[in-house]
Amino acid sequence: RLAFLIARTLGQMTPRIEDTIAINANANFLLILDGLKTLVTVDPHGLRKIMEQMMEGIPGLTILVTCPRGVGIPFENVVGLGRLSDTDVASLMRQSGAPYFTASERLISYIYGQPFAVRLAARLVAAIGMNEVLQVMVAQHETDKKKIGAEAGVDPWVDNTRIYYDKEGNSMGAALCLRAWINLVTGYIGGGAARAFGVLRLLSFLPSGLTREDLMSLFVKPEDVRHVLDVICDQFYLLEVADEHGNRVSKYTAVQILDQKLDTLVFRLRPCVLGLFAENSNPLKFECARNLDNMLPRLMESADIVHKTFAAARTVEGLRAMEMCENTCWSVTRPDYMLREGFINHKHASIEVCGHISLYLAMMMLSLNRNHEAMLACRNAARFFRKFCEFELSAEQIQEREKHPEIKMRGPSLYGQALRLAGEVKLQLGCCESAAIDLRNGFALMSPIKEAAISCNYNGSHIGQADILWAMAEMSLTMNDHDKCDFYSRRCLRNYTDLDSPPGIAFSRSLRGQLRMCAGDMAGAYREFNFAIKVFREFSLNTRLAEVLCFRAELAFAVGNIPRARVDAAEAGAMWTSRHDLQGQAFAKKLQAEGLIATGFPDKAIQVLQEAAKLAAAANHVYIEGECQRLTGEIWSKKTMLGDTEPRWSYAQGHFLTAIEFYKRAGYRLGIANTLRALGGIYLSARHPQHAKEMLQSAMGEYEVLKHRLGVAVCKVEIARILETKKGKKCKAEAKKLFDEAMPAIRDVEKRVKTAAR
């Protein structure tokens, strides 16, 4: 998330830190990272790695970080904030509500010059008296010293940047002095103002804060809201006010916000208070639990609105809306925290809502190409829905379904949705085998179930099963397993036909078209694509329409229909651009480059491929990055620059090797095989027949694994031509044998291509 936020602040499309460095390599600027307490504590290695990369890659960069302790990068300059003097502490105490406080008071030695502790101490002294506050702080100070086993003369409250551990090795955190004051204040509020403490506890789940309208919905009487905010915001300063962008606002009091109805401002816990409440594992009290149950559906609605905004290609609007809810969505979708005893562990409605919030969060992350975070959100959703399934299998729910047969089980379908989305994310990350497991499990969960023993008459989700079959067919096609792709696509088409879903039928037939194109049936693929394009135009499904137009453009390139291919690629590119879809734009640019190569403009094609590679990198789409590298390599292997006598083989070789690495990350074995064959051609042109033969044999091995007849046949022909140049009857005989084995497959494909061209 830090890399994403830095890129967004600098106005970049790509969330990768490598691209941030490349774009700003010659810039001179100051980057301020304010409030990195959580990252320093949770993932210090990741934070150090990002900062070291940026400092090395951008020499003119200076980074200013505010956090409880040093980050730990080389040549770091750590500057601690100075503490207030006793005189300043006494002056601030008098201004904050303790008018008779002097610098000679004993309590001042337990404040350690911390401004926020001074404000808390002043309010506590005014509320419960000097002696009572002093007794509590003396006792807490001695307790902390005993816990850490401090030697004589060592004071654990002095150093606020150091994390302390007790004798058993458990972390006590940093800033023990300030923690003691906050604990004393929250304990006082919990004892005398239970409603105010409930709001504090609720806000610990909602780090993005609550608006005035949200707070008003928690109370019956408006004066109750006024009283609560007066205690926790205006008296004890535990809350802060922020605008819709998360920036702190200090010119309004809580009462002014209520009176003036400033609904764009939010109330949120101060970071130091939020960190303390996050460690609180005590069960929620009734009122706080009820408020949390009421707020979760509102948060789900907000997440749904943000997701729909991204789906409608209103990216800027979606980012602004996401600023208000992203942190809170992550906070309430932590299964290890939320499913503890005394939280929402036994509340099936809240568990289901948390699962839906996780799903929306995963789809938002996918829209922003933050695939690893999308994977985390999918995993969280699956854990919530699995818990919901366990609840539906409890004796109480079985008895309820026996009494009311109209009640249907929803858990298996929801759990299957989470697994399906997880499988699709894994496909984008190149984890095909793991994705297949999730998709198969999701398909099984969406199958009908009839079990009288548990009073279950679950009809399943036929549309969900069809969607999973489509994803499994697409995965099989990516792995070049044509038999499985044919099986899944047929079942998918049958399911969508039974459901009478024209868009679903079009999805299936577009996939069948890709399969036919891979098998060499160009005429059949053209028919399937035309049908899908017609349906998608009719239903105004522009995203799917652009995808199929790209597929038809690839088909047109394969049969030499360049004008048709360029028209389809241009139309698809315009659609992707209007929707700000980086992945689609990259795909369209790649097709545009293929058109330029076919029409004899290699220089311009290289420029377009570079643009496509940048867009693909921004979208984390390694397949398109690999394709761009492969096509660039093919251009360099055929193009002779002015003044050269032959193509630049080393340039082409470098691009081909890079393409192979991308294909390996994507799990695209067909791309690896094609690139190895192209490398063999380079070695052959450069008069290295032995290296060429080795590359072709490696490529043939990949084709054989994929059962790709044409690929195997072409490799055999090229190896045979190498053997023909060698002396000896044995080489000639082996070459003839390879020719005889290859020709049937080549003639079969030639017939199909001629038929498609006609």
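Keep in mind that this is a model prediction, so the values were computed, not measured.

(A) Region of interest: the pattern of salt bridges. Inspection of the entire model under this criterion finds 30 salt bridges. Across the pair Glu-611 and Lys-589 runs a salt bridge, and its minimum N-O distance is 3.0 Å. Pair noted here: Glu-611 is in helix H30 (residues 602-618) and Lys-589 is in helix H29 (residues 582-598), with a separation of 22 residues, a long-range link. Classification of Glu-611 by relative accessible area gives partly exposed; the value is 38%. For Lys-589, a relative accessible area of 25% translates into the label partly exposed. Of the charged contacts in the structure, one is a salt bridge between Glu-634 and Arg-630, with a shortest N-O distance of 2.8 Å. Of this pair, Glu-634 and Arg-630 both sit in helix H31 (residues 622-638), four residues apart, which is roughly one turn of the helix. Classification of Glu-634 as partly exposed rests on a relative accessible area of 25%. One salt-bridge network, in which partners are shared between bridges, spans Glu-554, Lys-590, Glu-594, Glu-627, Arg-630 and Glu-634.

(B) Quick look at the environment of Ser-578. Relative to the elements of secondary structure, Ser-578 occurs in helix H28 (residues 562-578). For the pair Ser-578 and Ala-313, spaced 265 residues apart in the sequence, the C-alpha separation amounts to 8.0 Å.

(C) Up close: helix H27 (residues 542-558). With 17 residues, H27 extends 24 Å between its outermost C-alpha atoms, agreeing within 8% with the 24 Å of an ideal straight helix rising 1.5 Å per residue. Where burial is concerned, most of H27 is hidden: twelve out of the 17 residues are buried. Regarding H27, the residues found buried are Leu-545, Ala-546, Val-548, Leu-549, Cys-550, Phe-551, Arg-552, Ala-553, Glu-554, Leu-555, Ala-556 and Phe-557.

(D) Just unusual backbone geometry, in detail. Notably, Tyr-237 is not glycine yet its phi reads approximately 55°, a positive angle. For Tyr-237, the position within the fold is in the loop between helix H11 (222-235) and strand S6 (239-242). A positive phi angle is found at Ser-540, which is not glycine, with a value near 55°. Note on placement: Ser-540 falls in the loop between helix H26 (522-538) and H27. Take Ser-540: its relative accessible area is 54%, and that puts it in the exposed class.

(E) Representation of the nonpolar core. Ranked by size, the top nonpolar core spans 121 residues in total, and within it Met-93, Trp-181 and Ile-189 carry the most contacts. Excluding residues within four positions of it along the chain, Ile-189 makes contact with Ala-194, Ala-196, Phe-197, Leu-200, Val-231, Ile-232, Phe-236 and Leu-238. Core analysis: the second largest hydrophobic core is formed by 104 residues, Leu-477, Leu-545, Leu-615 and Ile-672 among them.

(F) Up close: the packing of aromatic side chains. A full pass over the atoms with the stated rule returns 14 aromatic pairs. Plain terms: the ring middles of Phe-205 and Tyr-337 are 5.8 Å apart, the flat faces sit at 55° to each other, and that makes the pair tilted. One end of the pair, Phe-205, is in helix H9 (residues 194-205); the other, Tyr-337, is in helix H17 (residues 335-338), with 132 residues separating them in the sequence. A relative accessible area of 0% places Phe-205 in the buried class. The residue whose ring lies beneath Arg-119 is Tyr-237, and the NZ or CZ to ring-centre distance is 5.1 Å.

(G) Fine view of the pairing of strand S8 (residues 266-269). Along S8, one buried face is formed by Val-266 and Arg-268 and the opposite face, lined by Phe-267 and Leu-269, is buried too. Alignment of strand S5 (residues 210-211) against S8, held across two bridges, turns out to be antiparallel. Across the sheet, residue Thr-211 finds its bridge partner in S8, namely Val-266.

(H) Just the environment of Met-54, in detail. Among the secondary structure elements, Met-54 is positioned in helix H4 (residues 44-57). On a C-alpha basis, the gap between Met-54 and Leu-419 in space is 36 Å, while along the polypeptide they are 365 residues apart. Filtering out sequence-adjacent residues up to four positions away, Met-54 remains in contact with Ile-6, Ile-17, Thr-20, Ile-21, Leu-31 and Leu-61.

(I) Here's a closer look at a nonpolar patch on the surface. Side chains of Leu-30, Ile-32 and Leu-64 sit close together on the surface and give an oily, nonpolar patch of about 280 Å² of accessible area. The residue Leu-64 is located in strand S2 (residues 61-66) in this model.

(J) Quick look at the confidence of the model for the protein chain. On average, residues of the protein chain carry a pLDDT of 83, and 94% of them reach 70 or more. Within the protein chain, no element has a lower average pLDDT than helix H3 (residues 37-42), which sits at 61, and none a higher one than helix H18 (residues 348-367), at 91.

(K) Highlighting the sheet that holds S5. A sheet is described by the order of its strands in space; here four strands give the open sequence S5-S8-S6-S7, paired in antiparallel fashion. Because the sheet does not close on itself, it has two edges, and the strands there are S5 and strand S7 (248-249). Judged from the four bridges that link them, S6 and S8 form a sheet pairing that is antiparallel. Bridge pairing links Leu-239 to Leu-269 in S8.

(L) Seen up close, the packing of helix H6 (residues 115-128) against helix H7 (residues 130-148). Running from amino to carboxyl end, H6 crosses H7 at an angle of 125°, the nearest separation of the two axes being 7 Å. Compared by their axis directions, H6 and H7 come out oblique. On the side of H6, the interface is formed by Leu-124, Val-125 and Ile-128, while H7 contributes Met-130, Glu-132 and Val-133. Residue composition of the contact of H6 with H7, grouped by class: five nonpolar, no polar and one charged.

Conventions and cut-offs
- Residues numbered from 1 in each chain as written.
- Predicted model: local features only at pLDDT ≥ 70, side-chain atom pairs only at ≥ 80, totals over all residues.
- Heavy atoms only, no water.
- Salt bridge = Lys/Arg side-chain N within 4 Å of Asp/Glu carboxyl O.
- Helix = DSSP H or I, 4+ residues; strand = E, 2+ residues; numbered from the N terminus.
- Buried < 20%, exposed > 50% of the residue type's maximum accessible area, 1.4 Å probe, protein only.
- Expected span 1.5 Å × (residues − 1).
- Core = buried A, V, L, I, M, F, W, Y, C linked by side-chain atoms within 4.5 Å.
- Contact = heavy atoms within 4.5 Å.
- Phe/Tyr/Trp six-rings, centres within 6.5 Å; stacked < 30°, edge-to-face > 60°.
- Lys NZ or Arg CZ within 6 Å of the ring centre and 35° of its normal.
- Pairing = 2+ DSSP bridges.
- Patch = residues over 30% accessible without salt bridge, like charges linked within 9 Å, V, L, I, M, F, W, Y side chains within 5 Å.
- Areas by Shrake-Rupley, 256 points an atom, 1.4 Å probe, with all protein chains shown as cover.
- pLDDT = per-residue confidence, 0-100.
- Axes fitted to C-alpha atoms, helices over the stretch in contact; angles between N-to-C directions.
- Parallel < 35°, antiparallel > 145°, perpendicular 65-115°, else oblique.
- Nonpolar A, V, L, I, M, F, W, Y, C, P; charged D, E, K, R; others polar.

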